[in-house]
Amino acid sequence: MRIPLDQITSAGLKITASAEDDWVTKAAQSVRGTPGEPTADPHEDEGAETASIQFTLRPLADQITACGEIDMTIRCACDRCGASVILTIKGEFDQLYKPPGDTYAEADHDLVPDELDVGWHDGQAIDLELVLTEALALNGPDRVRCEDNNVQRIEGDGPCELPAEALEGGPTRANPFAGLKLPE
Ligand SMILES: [Zn+2]
């Protein structure tokens, strides 16, 4: 959903959304895998299980700030064993959107971590899906594993291990160090 910039006044424009909102569903789908790359996640087409999204858009000269918090759960697959899990992404965010052309050259440089919450709007509108997608990327984990704090397994009771086919040539491969002896 796009919010025209002229609707964002200095009083601030409050945005609240839930898992029912279409743009929240699309942002939730971005959590699984990398855009443009195929994923094997059986839940990749699903939206969020639950979502409580609240943030305020405010103008700051020709920039827009998006500041608020997210509390979302989504079903996805463990990156190690493939079991279905519920991932919780909860946190605050504070993002700044610059107008097109503003310090554009910087965008071509490698971003350092504390610049990651800077983005660009297109001069016309702010895309809420984009704001949320970035907030989820900043607050979410790089990898999802069964035993992580924010992860709860909902299916399967086996150990969290790579599937056998991924280990092919692994355990049965000759140990190149087998013949070595420690000096006595
Ligand atoms: Zn696992």
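Residues numbered from 1 in each chain as written. Predicted model: local features only at pLDDT ≥ 70, side-chain atom pairs only at ≥ 80, totals over all residues.

Caption draft 1: Looking closely at the overall build of the protein chain. Per the secondary structure count, the protein chain includes 3 helices and 8 strands. The helix and strand sequence of the protein chain, counted from the amino end, reads β-β-α-β-β-β-α-β-β-α-β. Taken over 184 residues, the protein chain has a buried fraction of 23%. At a minimum sequence separation of 6, the contacts of the protein chain that also span at least 24 residues come to 65%. (Helix = DSSP H or I, 4+ residues; strand = E, 2+ residues; numbered from the N terminus. Buried ≥ 20, exposed ≤ 12 C-beta atoms within 10 Å, placed from the backbone. Contact = placed C-beta atoms within 7 Å.)

Caption draft 2: Looking closely at the packing of helix α1 (residues 22-29) against helix α3 (residues 128-139). Running from amino to carboxyl end, α1 crosses α3 at an angle of 35°, the nearest separation of the two axes being 9 Å. The handedness of the crossing between α1 and α3 is right-handed. Along the contact surface, α1 presents W23, V24, K26 and A27, while α3 presents L128, E129, L132, T133 and L136. (Axes fitted to C-alpha atoms, helices over the stretch in contact; angles between N-to-C directions. Left-handed = near helix turned anticlockwise from the far one by under 90°.)

Caption draft 3: Local environment of α3. With 12 residues, α3 should cover 16 Å at 1.5 Å per step; its first-to-last C-alpha distance of 16 Å lies within 8% of that length. All buried positions along α3 are accounted for by L128, L130, V131, L132, E134, A135 and L136. (Expected span 1.5 Å × (residues − 1).)

So far we have only geometry, and geometry alone does not tell us how the molecule works.
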